[in-house]
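Survey of secondary and tertiary structure
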Amino acid sequence: MDLQSIIIGLASIAPLVALALYLHSKYKQNLSMKLQAFQAVAARQGLVITEQDIWDPGYAIGLDKQSMKLLYTQKIDNQEREIVLDLNEVQQCSVSNTARDVNGGKVIDNIDLIFTLRNARHSKHTLAFYNREESLNLREELRLAEKWRDIVNVHLIQQPSQASAERKGNLSFS
């Protein structure tokens, strides 16, 4: 290969590389702004988020391990929704994946995290992870919902043993 071909090849690839770097930089900047906004909501709620995920088009979820509270935010069309769930009030957590058959394939319409609460007044609470009407691009939402279901369920498994340990710790012998 001669030097002229190499120069032409590099010159044609350079704009694509520059564009990819620019888009990646903008993505990181946007993610950083969303993370700062989420942390500000957490601070306003008195939470210190130790683990979080943020995904498009405007969702975020995080856990304050100290207080065992889950913070969920959703910003769609300039409408914000903030939910704080006390995991000590959760009885069960599951993922709901609503799909339908279309031309021999499945189309996912909704992915939700469903919380069954202990008190009878609000027995279920739903946190949306994906809605086909808001975003046509399904990315990692199912994996994220399953991840957060597992995080909550680990707490639910540990919860009875912690309560038992607390009861044992409160026993006194005379």
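The coordinates are above.
In this report, we go over the structure that sits alongside the text. The shown structure was predicted, so the numbers you read here are calculated from the model rather than taken from an experiment. (Residues numbered from 1 in each chain as written. Predicted model: local features only at pLDDT ≥ 70, side-chain atom pairs only at ≥ 80, totals over all residues. Heavy atoms only, no water.)

What follows concerns unusual backbone geometry. Between Asp 56 and the following residue, Pro 57, the backbone shows a cis peptide bond with an omega angle of 10°. Among the secondary structure elements, Pro 57 is positioned in the loop between strand E1 (51-55) and strand E2 (59-64). In the Ramachandran plot, Met 68 falls in the positive-phi region, its phi being about 55° despite a non-glycine side chain. Following the sequence through the fold, Met 68 ends up in the loop between E2 and strand E3 (69-76). The phi angle at Asn 103 is positive, at roughly 50°, despite the residue not being glycine. Relative to the helices and strands, Asn 103 is located in the loop between strand E5 (90-102) and strand E6 (105-117). For Asn 103, a relative accessible area of 82% corresponds to the exposed category. (Helix = DSSP H or I, 4+ residues; strand = E, 2+ residues; numbered from the N terminus. Buried < 20%, exposed > 50% of the residue type's maximum accessible area, 1.4 Å probe, protein only.)

Scanning all chains against the criterion turns up three aromatic pairs. Ring centres 5.4 Å apart and planes at 10° place the aromatic pair Trp 55 and Tyr 59 in the stacked group. Both residues of the pair, Trp 55 and Tyr 59, belong to the buried class. Plain terms: the ring middles of Tyr 59 and Tyr 72 are 6.5 Å apart, the flat faces sit at 45° to each other, and that makes the pair tilted. Separated by 13 residues along the polypeptide, Tyr 59 in strand E2 and Tyr 72 in strand E3 bring together distant segments of the chain. In this pair, the class of Tyr 59 matches that of Tyr 72, namely buried. (Phe/Tyr/Trp six-rings, centres within 6.5 Å; stacked < 30°, edge-to-face > 60°.)

Now for the sheet that holds E6. Strand order in this open sheet of three strands is E5-E6-E7, and the pairing throughout is antiparallel. With one partner strand each, in any of the chains shown, E5 and strand E7 (124-131) form the two edges of the open sheet. Strand after strand, the sheet turns through a mean of 20° between neighbouring axes, direction not considered. Sheet analysis places E6 next to E7, joined by seven bridges and oriented antiparallel. Directly across from Thr 116, in E7, lies its bridge partner Lys 124. (Pairing = 2+ DSSP bridges. Axes fitted to C-alpha atoms, helices over the stretch in contact; angles between N-to-C directions.)

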